[in-house]
Amino acid sequence: MVEAIKRRDKHCQLHGVECKEKSGEYSPLVVDHCISRTHKSTFFDERNLNLICRKSNWLKFKRQNNIAQEIAALVVKRWGLESLEDLNIQKRIPKKWSIGELEALVENFDSLYHE
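Rules used in this analysis
Each residue is numbered by its place in its chain's sequence as written, counting from 1. This being a predicted model, a pLDDT of at least 70 is required before a residue's local features are given, and a value of 80 or more before pairs of side-chain atoms are given or counted; all residues contribute to the totals for chains, interfaces and linings. Side-chain numbers here rest on the full set of heavy atoms in the structure, without hydrogens or water. A run of H or I in DSSP becomes a helix once it reaches four residues, and a run of E becomes a strand once it reaches two; helices and strands are each numbered from the N terminus. Radius of gyration here uses only the C-alpha atoms, and the compact-globule reference equals 2.2 Å multiplied by the residue count raised to the power 0.38. Burial here depends on accessible area, computed with a 1.4 Å probe over protein chains only, as a share of the maximum for the residue type. Under 20% is buried, over 50% is exposed, and the range in between is partly exposed. Note on contacts: a residue pair qualifies if any of its non-hydrogen atoms lie within 4.5 Å across the two residues. Within this analysis, the arc is defined by the directions that extend from the helix axis to the C-beta atoms.

Q: Could you clarify how one ought to interpret the overall build of the protein in this entry?
A: The secondary structure content of the protein amounts to five helices and two strands. Taken against the 2.2 N^0.38 rule, which gives 13 Å for 115 residues, the C-alpha radius of gyration of the protein at 15 Å falls within 12% of a compact globule. In the protein, which comprises 115 residues, the proportion classed as buried is 35%. Once local pairs closer than 6 in sequence are excluded, the contacts in the protein between residues at least 24 apart make up 67%.

As structure tokens, this is what we get:
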């Protein structure tokens, strides 16, 4: 899943290729969930996943700089407002993944965004 999203996004979706920390080094990238990971029904949905820098991920966790709203805007820009609304509906539906469903997800993510 992580590798597929890294292949898709390639760089920080908030700051672009020039995303650097104060030290001048490039910030490590992480896959962020627009809808919290605690909602298992949206955990593996690729619409919910964005590659962002570690600093932005930390700021989102600390609820600073409106990062969560910026990430939601990324989802709307890429997938449309309907997708964000659908994710917000799906997060309220309890989900217990079966082995078969997880295996299908692995195959799907493995096939995504190959260069």
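Anyway, onward from the coordinates.
Q: Which parts of the structure should I look at to understand helix H1 (residues 2–9)?
A: Within H1, burial applies to Ala4, Ile5, Arg8 and Asp9. In a view along the axis of H1, the buried residues occupy a sector of 115°, so they form one face of it. On its buried face, H1 sits against strand S1 (29–33), strand S2 (49–53), helix H3 (67–79) and helix H5 (99–111). Just downstream of H1, lysine 10 is the residue with a positive phi angle, here 70°.

That's the geometry; what it means functionally is another story.
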